[in-house]
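# Breakdown of the fold
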Amino acid sequence: MSLAALEDIAVHSGTTHPIEGVVRIETSPLEETAPMFMAKMRSVYPHDEVFGQYCTVNDYVDCPPDELFEYLAHTRSLEEWTYTLRDFTETEEPGLWLAYDRLLPDTEIYTRTVANAEARTVDYHCAWDQGKHLWMIYLMRVLDAQVVLGKPGSVVLWTNCRHPFYDANPYPEAGPAERTGWVGDFWDIFGAGHGLELNNLKSIAEYRHRNGLPITPDWMSTS
Amino acid sequence: MNQPTVSLADVSTYLPGEPVGADYYAQFAGSDDLAANLMFRAPKFRHHVGPDETAIDMVERAAQGLIERHGHDVIANVDVLITHTQVPDMGFYGEGGGIAHRLGLRPSWVLDLNNGGCAAFVLALKVARQLLSSGQGRTALIAVTANAAGHVFDQAGVRRKAQSAVPGDGAAVGLVTLSDQSPILDIECRTYGEYAGDMVLASDPPRKWWAAGNSELSIGFTETKITKVLARGNQQVPEVALAVCDRIGMSSKDIDLLVTNQPNRVFLRNWREALEVPESRHLDTFDKCGNLFGAGIPINLDHAISDGQVKAGDLVMMAAFAHAGDFAGAAAVRWGGRS
């Protein structure tokens, strides 16, 4: 049986010409495409191109991936490795946690953590001020560094997407009346801020691993 | 005690023969995987060294501008001669002695700098500055020759390759003196020895460059190697220039004239983007002269001075990287004008 790659589109469009935006070696040989690749290599890249719509930070952590995943899967790990999230308490709704984002005064942040041990993904679904619509989503994935880097440890991938609510607070009445700032005001320093927090995570996990301490401390796993 | 100030007092240059147009290569162009590659997209013109024109001939011609402006005595009295010849006419001992003799010099120092490549002028400035400031003389002459285009890249087989349309030939001399006329503010040179083997001389069938055989020698490139060189050059040139800026307490935005080597248009764009220098203050001669390798910086500087694009008091930043990224250098000069 022959491969059916893009056959449906060929039937639909009635032509074997590539549809706009699709570049495949059959119709765009490397000799033609390579110059385009090279022209896109720069010494520097505009901030907006790198951090405008998506904010991604990654790093290596010298700590076994399953243990690091288990730690991250505890919502209260955020109490330790984030820069500003403090005083986590579980709400009456199971799995939904309330904390305070000390970036601005009296600012509540709600978090529900969705973790998948098999894929080692940890998604923190969050929102400022209210816990009904969790639209600030921190997508994290822990990789086995042995597989991707050929050495023991973990690689952490972390991406945020720029939901339109970052630019306009959808629930202004939910926040403190006297507060003038908004979480999205900080979007352009998310790269730097998340980089700092990822480094916190790395420093804490590596300290525990290096010194034989459990990566997830007792208070987090028992209480 | 402060070290005495050393200046880049003047430069003069030479472009051999009439300009050779891009159509010269079009007639030979073979089918070449790299033909469409913008790393090798041809400049409109370049110059070719004559078949029997030596590097010493080129330096002698390049020096005429200095002699006209400063008198032969300034040349005759140089204490330090530093040379870089891309394709030495005699590989074993270089061109330094012959150049000294042809120009009528009796310098106490003669040095050939083969490792500097496209950043040879910066490396030579650093050596000259060190020697003069440590009491080894009052005047140094730097002589840089690019002569591969007409010799290596114009061989009947090699000129069919896309890469052969990019190089150009030219020579430059720089006059370095103990004075505060155009002070050299700082220089950064870095060697990345791990990349030293990444530029190779290729021939089919393979042979040592000095061994007998009929195969023509050319610079060996593959698509993947070009990508690595592009990435290294993108990083190294801004890095050394910014290191100099840091030490002299200036921002790269304060650069009044940026002159770099000019391997292709992409590097030129990327470097000024990284240094936040507008195109109007980054002078190149790529379309007139092609890739001038080590002669690129002084030839571009000479053109900028002659065209009035740099004036007394301007901060001039020279920056380049060499070969496949095994060396990079940057030098800042407060240009004092041609006296």
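A quick note: this is a predicted structure, and the numbers were derived from the prediction, not measured. Every chain begins its residue count from 1, and numbering advances along the sequence as written. Starting at A for chains and at 1 for ligands, labels are handed out in the order in which the entities are written. Given that the model is predicted, a residue must reach a pLDDT of at least 70 before its local features are reported, and side-chain atom pairs must reach 80 or more before they are shown or counted; all residues, however, enter totals for whole chains, interfaces and linings.

Helix and strand assignments follow DSSP, with helices taken as H or I runs no shorter than four residues and strands as E runs no shorter than two, numbered in order from the N terminus. Helix and strand counts for chain A come out as eight helices and seven strands. Its C-alpha atoms give chain A principal-axis dimensions of about 60 × 45 × 40 Å. Burial is judged by counting other C-beta atoms within 10 Å of a residue's own C-beta: 20 or more means buried, 12 or fewer means exposed, and anything between counts as partly exposed, with every C-beta placed from the backbone. Within chain A, buried positions represent 24% of all 223 residues. Within chain A, residue pairs in contact and separated by at least 24 positions form 51% of the contacts whose partners lie at least 6 positions apart. A residue pair is marked as a contact if its C-beta atoms, positioned from the backbone, fall within 7 Å.

Now for the nonpolar core. Counting 90 residues, the largest nonpolar core has Val-122, Leu-125, Ala-128, Ile-142 and Met-318 of chain B as its most contacted members. Of all the elements, helix α6 (residues 120–133) of chain B adds the most residues to this core, at 10 residues. Where a domain begins and ends is set by an automatic assignment or by a domain database. Split by domain, this core shows at least three residues from each of two domains, domain 1 (6–181) and domain 2 (185–334) of chain B. Excluding its chain neighbours within four sequence positions, the residues that come into contact with Met-318 of chain B are Phe-121, Val-122, Val-259, Ile-297, Leu-301, Ala-330 and Ala-331 of chain B. Nonpolar cores are built from buried Ala, Val, Leu, Ile, Met, Phe, Trp, Tyr and Cys residues. These are joined into a set through C-beta atoms within 7 Å. Within the second largest apolar cluster, 28 residues are counted, among which are Leu-68, Ile-109, Tyr-124 and Met-136 of chain A.

Time to look at α6 of chain B. All names here are of chain B. To estimate the expected span of a helix, count its residues, drop one, and scale the result by 1.5 Å. When the terminal C-alpha atoms of α6 are compared, their 20 Å separation across 14 residues agrees well with the 20 Å that a helix rising 1.5 Å per residue should span. Of all 14 residues in α6, 12 are buried; the element is thus mostly enclosed. Within the sequence span of α6, burial applies to Ala-120, Phe-121, Val-122, Leu-123, Ala-124, Leu-125, Lys-126, Val-127, Ala-128, Arg-129, Leu-131 and Leu-132. Within two residues after α6, Gly-135 carries a phi angle of roughly 90 degrees, on the positive side.

What follows covers the sheet that holds strand β5 (residues 121–128) of chain A. All names here are of chain A. Strand pairing requires that DSSP identify at least two bridges connecting the strands. Strand order in the open sheet formed by seven strands is β1-β7-β6-β5-β4-β3-β2, with antiparallel pairing between adjacent strands. The open sheet has two free edges, formed respectively by β1 (54–61) and β2 (85–90), since each of these has just one partner strand. For this sheet, the mean inter-axis angle between neighbouring strands, taken without regard to orientation, is 25 degrees. With eight bridges joining them, strand β4 (residues 108–116) and β5 adopt antiparallel strand pairing. Bridging from a neighbouring strand, Ile-109 pairs with Trp-128 of β5. Each of β1, β4, β5, β6 (136–144) and β7 (154–161) is contacted by helix α4 (residues 65–73), which is oriented at about 165 degrees to β6, the strand it contacts most. Angles run from 0 to 180 degrees between N-to-C directions of axes, and those axes are lines fitted to C-alpha atoms, restricted for helices to the stretch in contact.

Pro-205 of chain B follows Asp-204 of chain B through a cis peptide bond whose omega is 0 degrees. Among the secondary structure elements, Pro-205 of chain B is positioned in the loop between β9 (200–202) and β10 (218–220). Not every positive phi belongs to a glycine, and Asp-106 of chain A is a case in point at roughly 55 degrees. Here Asp-106 of chain A lies in the loop between β3 (96–101) and β4. Phi is positive for Arg-120 of chain A, close to 55 degrees, though the residue is something other than glycine. Summarising the element assignment, Arg-120 of chain A is placed in the loop between β4 and β5.

A separate point is the sheet that holds strand β7 (residues 170–178) of chain B. Residue and element names in this part refer to chain B. Spatial strand order, β1-β7-β6-β4-β5: five strands in an open sheet with mixed pairing. Edge strands, defined here as strands with exactly one partner in the open sheet, are β1 (6–14) and β5 (109–112). Pairwise comparison of adjacent strand axes, ignoring direction, gives a mean angle of 15 degrees for this sheet. Pairing geometry for β1 and β7, over eight bridges, is antiparallel. Within the sheet, the bridge partner assigned to Val-6 lies in β7 and is Leu-178. Relative to the sheet, helix α2 (residues 55–62) contacts β1, β4 (80–85), β6 (139–146) and β7, its axis offset from that of β7 by approximately 55 degrees. Sheet strands in contact with helix α11 (residues 296–306) are β1, β6 and β7, and its direction is about 90 degrees off that of β1.

This part covers the packing of α2 of chain B against helix α5 (residues 96–103) of chain B. Residue and element names in this part refer to chain B. With their axes 9 Å apart at the nearest point, α2 and α5 run at an angle of 45 degrees to one another. By the criterion of interaxial angle, the relationship of α2 to α5 is oblique. By crossing handedness, the relation of α2 to α5 is classed as right-handed. Packed against α2, whose contacting residues are Ile-56, Val-59 and Glu-60, the element α5 presents Gly-98, Ile-99, Arg-102 and Leu-103 at the interface. Following the grouping adopted for this structure description, the nonpolar residues are Ala, Val, Leu, Ile, Met, Phe, Trp, Tyr, Cys and Pro, the charged ones are Asp, Glu, Lys and Arg, and the polar ones are all others, Gly among them. Along the lines of polarity and charge, the residues of the contact of α2 with α5 split into four nonpolar, one polar and two charged. Should an angle fall under 35 degrees it is taken as roughly parallel, and over 145 as roughly antiparallel, whereas 65 to 115 is taken as roughly perpendicular and any remaining angle as oblique. Take the far helix as your reference; a near helix turned counterclockwise from it by less than a right angle gives a left-handed crossing, and one turned clockwise gives a right-handed crossing.

Attention now goes to the domain arrangement of chain B. Residue and element names in this part refer to chain B. On domain assignment, one finds that chain B holds domain 1 (6–181) and domain 2 (185–334). For domain 1 versus domain 2, the separation of C-alpha centres amounts to 14 Å. Every contact between the two is made by 46 residues of domain 1 and, on the other side, 40 residues of domain 2. Counting residues per element, the ones that place at least two in the side of domain 1 that touches domain 2 are β1, β3 (45–46), α6, β6 and β7. Ranked by residues supplied to the side of domain 1 that touches domain 2, first place goes to α6 with seven residues. Partitioned by chemical class, the residues of the side of domain 1 that touches domain 2 number 24 nonpolar, 16 polar and six charged.

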